[in-house]
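# Results of the structural survey
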Number of protein chains: 2
Amino acid sequence: MLDALFQPRSVAVIGASSRTLSIGNRVVRNLVESGFTGPIHPINPRPGELWGRSCVPSLDDVADPIDLAVVALPAQSVPQALQACGARGVRAAIVHAAGFAESGPEGAVLEHRCVAIARDHGMRLLGPNAQGVMNADPSVSLNATFTFTPLRHGVVSVLAVSGGMGEWINQHLWRAGVGIRRYACPGNAADIGVVELMDAMAGDAGTRVLALHLETPPPAGPFLDVVARHRDRVRMVALTSGRTGPGAMAVTSHTGALAGADQAMDALLARAGVLRLEDTADLVRVVAAMTTVTLPVGRRVAVLCNAGGPGILSLDAAVEQGLEAARLDPATRRELERTQSPFAAIGALTDVAATAGPEAMADAATALGADPGTDALLLALVTPFFVDCDAMARQTVAALARGDKPAVVALLRDPRFESVASTLAAAGVPVVDHPEQAARLLAALARARELRRQAAERPALVPLDRDAILAVLARSVPDARGWLAAADAYRVLEAAGIPCAPWGPVTPDGPHPPPGLGWPVVLKADVSGGIHKTEAGALVTGIHDVAGFDAATARLRARFPGRPLLAQGWIDGVEMLVGGIRTACGAGLVGVGAGGVAVEALADVSWGLAPLSIEEARRMVDRLRCRPLLEGPRGLPAADVEALAALVVRVGALLDAVPRLVELDLNPVRMAGPGAGGMAVDVRIRLAPRGGESGGVS
Amino acid sequence: MLDALFQPRSVAVIGASSRTLSIGNRVVRNLVESGFTGPIHPINPRPGELWGRSCVPSLDDVADPIDLAVVALPAQSVPQALQACGARGVRAAIVHAAGFAESGPEGAVLEHRCVAIARDHGMRLLGPNAQGVMNADPSVSLNATFTFTPLRHGVVSVLAVSGGMGEWINQHLWRAGVGIRRYACPGNAADIGVVELMDAMAGDAGTRVLALHLETPPPAGPFLDVVARHRDRVRMVALTSGRTGPGAMAVTSHTGALAGADQAMDALLARAGVLRLEDTADLVRVVAAMTTVTLPVGRRVAVLCNAGGPGILSLDAAVEQGLEAARLDPATRRELERTQSPFAAIGALTDVAATAGPEAMADAATALGADPGTDALLLALVTPFFVDCDAMARQTVAALARGDKPAVVALLRDPRFESVASTLAAAGVPVVDHPEQAARLLAALARARELRRQAAERPALVPLDRDAILAVLARSVPDARGWLAAADAYRVLEAAGIPCAPWGPVTPDGPHPPPGLGWPVVLKADVSGGIHKTEAGALVTGIHDVAGFDAATARLRARFPGRPLLAQGWIDGVEMLVGGIRTACGAGLVGVGAGGVAVEALADVSWGLAPLSIEEARRMVDRLRCRPLLEGPRGLPAADVEALAALVVRVGALLDAVPRLVELDLNPVRMAGPGAGGMAVDVRIRLAPRGGESGGVS
């Protein structure tokens, strides 16, 4: 896949220049200095040499076949150059220039022309506005970018939608001594997109870790497919930007299209099993660590230190990161008591004291590494001048290698003991500068392992009568904004097997109230989907008899002339909300949260990607801040949590089965006690305009 | 203050040793290599030289007066050495050895002996288990520690209760090119304590920034006094450990004594105006920045970048850190449009693009620096090879210097452009490696400024009839755990001017219900303070007539024989809780949060230190997650927020005025609508045992 881009047999540089501060010069230099194993052809009308390679006046003067052309020309000259490439049989082209779709409508036209030319010739296009690609595989050794970080071969591939972030990550990996495998920044991604690049990069046998920088969620289906294909072999980590309102506005002016984009990104990455990080420095540390360490199987961490203060800080930070303080096995305690000085502290924090020599430290690492209640070790080490710290590092590394627990080290070293850091690093033990960094790193590695486990979960099988749902939709007449009439919305829920409070339409000639509701009854006017019924006065509760019902009917008829009325039986229970929206990436996003008028102000909602596994639905409920309330503390009513999770799953299945459905809001649902289920008591459903089957929220 | 410790005229090292890997050798070496300006006397029975200084057999052989003795002997030999020091007129001694109070009861006895010897001779003692002190003042140049970071003179003083953390911070300041002024790690602090050291370090004219590492909250009164004395001149920052349960257990086994210690630490530091940080790397960056930058007067930040991706990430991180995206003035926009290329993006994120040269970058910095809607600049810069980045750095620095806004730079540089970092740093512009670090740094600086402003607030003047309160307490008979009878608790509130729901005792012969309560009435059995009334069935609500009252009385009498009964008028309103505890550091800690049985499970409480200013009480309310609910959204009842803040202030004043009061819990208080006040409807008060006037929670 994309072989002409990542493994070209030859490269031509169109716009190669002798001006050393031009991109057309730098690209040639980078190709030469990276040691590209194939021929490099600088194309320049003036004869001469560039970085030791002979310039040729045009592509036609190159005898070899040309797999890859790097186009280092201003935007206006690009179409003609691509035309020439196509005619010459070039298989892939990288366009560096800006001034295309990202700059406005004129640029968009130009970009469209470029793509058309490429497609006409069966040529693939990276860009425009692309920084380029690298492939550090020694058999290729390609640096087709204009940036400055030298190529060092390793197992990390970097794919960044922002060239600036690509270079930022790559440079810091380089400073950390971590080599890369493939690298790509696709710029405007007019032809070759993020998902196709991911496939080509993760699919490369030399890639072990894939670092992503993303700005908008990629198309959900293809993204999930590609990740699923490679995640057993390749560890994937993503940094995203445009997370906040102002940040998203900076990514694109179409803020409307980004409603829920951050939740969608989060849910999509979680579903895919891609570890999301929000800090560039953490990303670099996690990626570096992932090239060597085993992922911890759980969250129980033991801290081993030779100075109490840094050890305590490490334990604090670990707990704050959601790790757990290990409870040592009595046998581990005995072993530590046997091997350590009487001054040593023993426990989740084992402080062997600064005086501990190489043997004592290694013995402690061995004991903690063998402890059955410990999943990972966090070492917080200083280098006392009176200890042979080099020997300590060597023996500790050997001790850790004998166990199977991952370990990370926060190391404070005397410049004279820099060798301690290199001994640890050479053995694949991650070394960081501060206790909190070690804690965040371990927490990220534990999370990566959890995500891998969760990625194996399958969406719950929900029998859904899709035909019945579509039949309701076919008969419905949504309003101008796409909202269904309330009665139709309830019919959709019924067809989808989602329990609702009993209800019936209220008509002038029909029974009042409609039969089968019991008492008390609730009366609602079907106001438009965007309006809050309680605030609008469109809701009358606590109707206990026919007289009250008739009075309420008269009141709502007068207040909302012409609007349909609807009566509902009263349902008691803990108020929650369950809802869904379709995001711009095409995915259905399901939310569950504290419901009703009150707790809505608390914005306590968690999100997941449709379709959902039952395990993920349970985790969504468990993540809520209001989770303790569902247990019914202090005599309050408890909620049927399992039924709530099942409801969440079913809403996801509905959203997944009916692409036209773009918004769905069950608020509240009222959950009865454990085992007793729950019911939706109000619902709003919005459809995409006909013809726009998968239109997102706009 | 502590002159003999920080500015000794001469130093003797007892236990000076020729073994290079011993502390007694290293201390002499550090004294010599730091260039101590006074005489150094290694005390060693064997004649010879140590690091160029002649050893003398005993203190008596030293002709000069000796201000400071460094005792580098094992614990058992320390008392005898201190005796000799005292006899010789030594004014201060540092004891390095461990094996004292931190190691158990035997060590505690030894420590007590050492302190007694020192006091006998009017000699001050740092330690035992102390790492020592430094004073980089060129007129002293003292390094009386056994650690490895060279002395570099600057304006940052470092005071760490953990020697490991002191060295960790000091070493990283050194690596960051930041010099220090005074440095102290007091170990067990048996004589010279943290607060006295703070006074001596912040009081030194050469100290401009004081970095603290703390584990348990220092005594509140002295700490606040010392900080207040110096905070106008010295910026103070603190890192604390023992923040989490496991972390606190590692600090001390007396977890009971630490209940609320983290909240107390937080409230104490906030009240003092000391900036609290929870990440060592952030601490080092903030401390370094504080040596040069003006603090931003507000939270509005503009991002200036020459690569979009890193700029967007910076803006995201800034917003996530609680900063605000600046809204540029139209004049600023016009100026940017005039000076920048058409490809530049202009706004809270101003992206001048990689092609921007030195002038364009400087013009943008000038325009944003002059913008009236911007408080600080975050620059996210890369070093394109085709730009003269050195000139860009010089001109940008000059532009920033012409404005008065603080700026920080996240810089990605080609190793060839390391000079860009040094140009910025030399001009006092903080340079960090990543966008998120820059955002956290700016947010910390903005917070420091807010704390300084808040530190000027005065506790609200609350007229409190202390005599009336003490009279109630004098008549009361608390239970074995110190809980007051309910009637006495209400009387304390009344005497303190805290509004309570009308109440009266229910006696067999008295009126039933007691007069003046209105209907409905609530009946309560006075069960012990630790029991929850609703759960225990000790509460009957909704009593609407005398018959109901008598029935409820009979029921509670049967259920809680012998317990006093109490009737209360019904009060409606939004349920909150207000409470207070006295912590181990002696401070009263006041909490306000969502109240009642339900929301208690959400643990939505914010804390402040008594006595409180009305502004801080308002901020405590504003920090609550449930804050939006107090506005009465969607037709819900609103709460009198101002009355709630006043209630918080009054509880703080009560806690402050009556040291015997160790726990106070108004749960719930019910707040009526804006302007209508609120009342406590249930209260529990606990006193310290008599004689333990200021006893903390145990």
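Worth saying up front: this structure is predicted, and the values here are computed from it rather than measured. Here the residue numbering is sequential within each chain, running from 1 through the sequence in written order. Naming scheme: in the order in which they are written, chains are lettered from A and ligands are numbered from 1. Side-chain atom pairs in this predicted model are given and counted only at pLDDT of 80 or more, local residue features only at pLDDT of at least 70, and totals for whole chains, interfaces and linings cover all residues. The basis for every side-chain value is the complete set of non-hydrogen atoms in the structure, without hydrogens or water.

Right, let's talk about the overall build of chain A for a bit. A helix here means a DSSP run of H or I that spans at least four residues, while a strand means a run of E at least two residues long, and both kinds are numbered starting from the N terminus. Regarding its fold elements, chain A presents 23 helices and 30 strands. On the principal axes, the C-alpha backbone points of chain A span a range of 95 × 80 × 35 Å. Here chain A holds 698 residues, and the buried ones make up 60% of them. Whether two residues are in contact is decided by their heavy atoms: any pair within 4.5 Å suffices. Considering only contacts in chain A between residues 6 or more positions apart, those separated by 24 or more positions represent 71%. The accessible surface values rely on the Shrake-Rupley method and a 1.4 Å probe; as for residues, cover is taken only from the protein chains in view. Only carbon and sulfur atoms are counted for the fraction: they give 53% of the accessible area of chain A, which is about 25,700 Å². For the exposure calls, accessible area comes from a 1.4 Å probe over protein chains only, and a residue counts as buried if that area is under 20% of its type's maximum, exposed if over 50%, partly exposed in between.

Domain extents, as shown, originate in an automatic or database domain assignment. Here chain A is described as being made up of domain 1 (3-214) and domain 2 (300-455). Each of domain 1 of chain A and domain 2 of chain A has a C-alpha centre, and the two are 44 Å apart.

Time to look at the interface of chain B and chain A. The interface is formed by 79 residues belonging to chain B together with 79 residues belonging to chain A. Between chain B and chain A, the buried area comes to about 6,600 Å², and carbon and sulfur atoms account for 68% of it. Accessible area, probed at 1.4 Å, shrinks when two parts are joined; the buried area is that loss added up over both. In terms of surface lost to chain A, no three residues of chain B exceed Trp168, Phe385 and Arg634 of chain B, which account for 14% of the buried area on that side. Arginine 243 of chain B is the partner of glutamate 320 of chain A in a salt bridge, and the nearest nitrogen-oxygen pair spans 2.7 Å. Residues adjacent in sequence count toward polar contacts only when both atoms are side-chain atoms; beyond that, a polar contact is any pair of N or O atoms within 3.5 Å, and within protein one must be able to donate a hydrogen and the other to accept it. If you look at where chain B meets chain A, you find 20 residue pairs in polar contact (both at pLDDT 80 or more). Each residue is assigned to one of three groups, with Ala, Val, Leu, Ile, Met, Phe, Trp, Tyr, Cys and Pro labelled nonpolar, Asp, Glu, Lys and Arg labelled charged, and all others, Gly among them, labelled polar. Partitioned by chemical class, the residues of the side of chain B that touches chain A number 41 nonpolar, 19 polar and 19 charged. For this analysis, a salt bridge means a side-chain nitrogen from Lys or Arg found within 4 Å of a carboxyl oxygen belonging to Asp or Glu.

What follows deals with the sheet that holds strand 14 (residues 275-277) of chain B. Within a beta sheet, neighbouring strands are joined by backbone hydrogen bonds and run either parallel or antiparallel to one another. Residues and elements named next belong to chain B. Strands were regarded as paired on the criterion that DSSP finds at least two bridges between them. Read across the open sheet, the 7 strands follow the order 9-8-11-10-12-13-14; overall the sheet is mixed. Of all strands in the sheet, those bounded by a partner on one side alone are strand 9 (142-145) and strand 14. Averaged over all adjacent pairs, the angle separating strand axes in this sheet is 20 degrees, with direction ignored. Sheet topology places strand 10 (residues 153-160) next to strand 12 (residues 209-214); 5 bridges connect them, and they run parallel. Across the sheet, valine 156 pairs through a bridge with valine 209, a residue of strand 12. As a rule, the C-alpha atoms of each element are fitted with a line to give its axis, helices using only the stretch in contact, and angles between N-to-C directions run from 0 to 180 degrees.

Another point: the nonpolar core. Only buried residues count toward a nonpolar core, which is a set of Ala, Val, Leu, Ile, Met, Phe, Trp, Tyr and Cys residues joined through side-chain atoms within 4.5 Å. Counting 116 residues, the largest nonpolar core has Leu173 and Leu275 of chain A together with Leu173 and Leu275 of chain B as its most contacted members. Discounting chain neighbours no more than four positions away, the residues touching leucine 275 of chain A are Met236, Val237, Ala238, Val286, Met290, Ala444, Arg447, Ala448 and Leu451 of chain A. Counting 111 residues, the second-largest nonpolar core is a separate cluster that includes Val574, Cys626, Val648 and Val683 of chain B.

Turning next to the side chain of lysine 524 of chain B. Residue and element names in this part refer to chain B. In this structure, lysine 524 sits in strand 22 (residues 521-525). A residue is classified by how much of its surface remains accessible, and lysine 524, at 5% relative accessible area, is buried. A distance of 3.4 Å separates polar atoms of two side chains, one belonging to lysine 524 and the other to tyrosine 490. Filtering out sequence-adjacent residues up to four positions away, lysine 524 remains in contact with Tyr490, Lys533, Ala538, Leu539, Leu556, Pro564, Leu565, Leu566, Gln568, Val681 and Asp682.

All names here are of chain B. With respect to the helices and strands, the residue arginine 650 is situated in helix 23 (residues 641-657). Charge assignment: positive for Lys and Arg, negative for Asp and Glu; neither His nor the chain ends contribute. One buried charge, arginine 650, has no salt-bridge partner; the nearest side chain with opposite charge is aspartate 465, at 9.9 Å. Among residues more than four places away in sequence, those in contact with arginine 650 are Val462, Pro463, Leu464, Ala496, Gly497 and Ile498.

Glancing now at the relation of the copies chain B and chain A. Alignment of the copies relies on least squares applied to C-alpha atoms, considering only residues that score at least 70 for pLDDT in both. By a simple turn and slide, chain B fits onto chain A: the slide is 0.1 Å along the axis, the RMSD is 0.1 Å, and the turn is 180 degrees. Seen this way, the second copy is the image of the first under a two-fold rotation axis.

This next bit is on the packing of helix 17 (residues 466-475) of chain A against helix 18 (residues 486-495) of chain A. Residue and element names in this part refer to chain A. In contact at an axis separation of 8 Å, helix 17 and helix 18 are set at 170 degrees when each is read in the N-to-C sense. As summarised for this structure, helix 17 and helix 18 are arranged roughly antiparallel, according to the angle between their axes. Two secondary-structure elements touch here, helix 17 through Ala468, Ile469, Val472 and Leu473 and helix 18 through Asp488, Arg491, Val492 and Ala495. Of the residues in the contact of helix 17 with helix 18, the class split is 6 nonpolar, no polar and 2 charged. Each angle is binned into one of four classes, with values under 35 degrees roughly parallel, values over 145 roughly antiparallel, values of 65 to 115 roughly perpendicular, and all other values oblique.

So, on to the packing of helix 22 (residues 614-623) of chain B against helix 23 of chain B. To describe two helices that pack against each other, one gives the angle between their axes and the distance between the axes. All names here are of chain B. The contact between helix 22 and helix 23 brings their axes to 8 Å, and the two run at 120 degrees. Once helix 22 is placed against helix 23, the crossing between them reads as right-handed. Contacts between helix 22 and helix 23 involve Ile614, Ala617, Arg618, Met620 and Val621 on the former and, on the latter, Val641, Glu642, Leu644, Ala645, Ala646, Val648 and Val649. Its residues placed into classes, the contact of helix 22 with helix 23 shows 10 nonpolar, no polar and 2 charged. Each crossing gets its hand from how the near helix is turned against the far one by less than a right angle, where anticlockwise is left-handed and clockwise is right-handed.

Residues and elements named next belong to chain A. Of all 10 residues that make up helix 18, 8 are buried, and the element is covered over most of its length. Within helix 18, the full set of buried residues consists of Ala486, Ala487, Asp488, Ala489, Tyr490, Val492, Leu493 and Ala495. Remark: glycine 497 follows helix 18 within two positions and exhibits a positive phi of approximately 75 degrees.

It is worth spelling out the confidence of the model for chain A at this point. Fine structural detail should not be taken from predicted coordinates in areas where pLDDT scores are low. Residue and element names in this part refer to chain A. Summarising the model, chain A shows a mean pLDDT of 92, and 96% of its residues fall at 70 or more. How sure the predictor is of each residue is captured by pLDDT, a score from 0 to 100. Overall, residues 253-259 carries pLDDT values under 50, and its contacts beyond four positions in sequence, including any with other chains, amount to 9 contacts. Contacts for the low-pLDDT stretch residues 692-698, under 50 throughout, to residues beyond four places or in other chains number 16 contacts. For this predicted complex, the interface score ipTM comes out at 0.93, alongside a pTM of 0.94.

Right, let's talk about the sheet that holds strand 23 (residues 539-543) of chain B for a bit. Residue and element names in this part refer to chain B. The 4 strands lie next to each other as 21-24-22-23, forming an open sheet whose pairing is antiparallel. The open sheet terminates on both sides in strands that have one partner only, identified here as strand 21 (503-506) and strand 23. The average undirected angle you get between the axes of adjacent strands in this sheet is 20 degrees. The pairing of strand 21 with strand 24 (residues 565-569) spans 4 bridges and is classified as antiparallel. For glycine 504, the partnering residue across the bridge sits in strand 24 and is alanine 567. Across the sheet, helix 20 (residues 546-559) lies against strand 21, strand 22, strand 23 and strand 24, angled at about 10 degrees from strand 22, the strand it touches most.

As a further point, take helix 7 (residues 220-230) of chain A. Residue pairs spaced three or four apart in an α-helix point in one direction, given the helix's 3.6 residues per turn. Residue and element names in this part refer to chain A. Inspection of helix 7 places Ala220, Phe223, Leu224, Val226, Val227 and His230 among the buried residues, and these make up the whole buried set. Seen along its axis, helix 7 keeps its buried residues to an arc of 165 degrees; they face one direction. The inward-facing, buried residues of helix 7 abut helix 6 (194-202), strand 13 (235-240), helix 9 (261-272) and strand 27 (605-609). What the arc covers is the set of directions going from the helix axis to the C-beta atoms.

Next up on the list: the packing of aromatic side chains. What characterises a pair of aromatic rings is the spacing of the ring centres plus the angle enclosed by the ring planes. Classification of ring pairs rests on two measures: the distance between centres of Phe, Tyr or Trp rings, Trp counted by its six-membered ring, which must be within 6.5 Å, and the angle between planes, read as stacked under 30 degrees, edge-to-face over 60 and tilted in between. Throughout the structure, instances matching the rule amount to 4 aromatic pairs over all chains. A ring pair is formed by phenylalanine 385 of chain A and phenylalanine 386 of chain A, whose centres lie 5.0 Å apart and whose planes are at 80 degrees; its orientation type is edge-to-face. Charge-over-ring placement is defined geometrically: NZ (Lys) or CZ (Arg) within 6 Å of the ring centre, and within 35 degrees of the ring normal. Here arginine 686 of chain A stacks its cationic end above the ring of tryptophan 483 of chain A, 5.8 Å away from the centre of that ring. Taking NZ or CZ as reference, arginine 670 of chain B lies 4.6 Å from the ring centre of tryptophan 570 of chain B, over its face.

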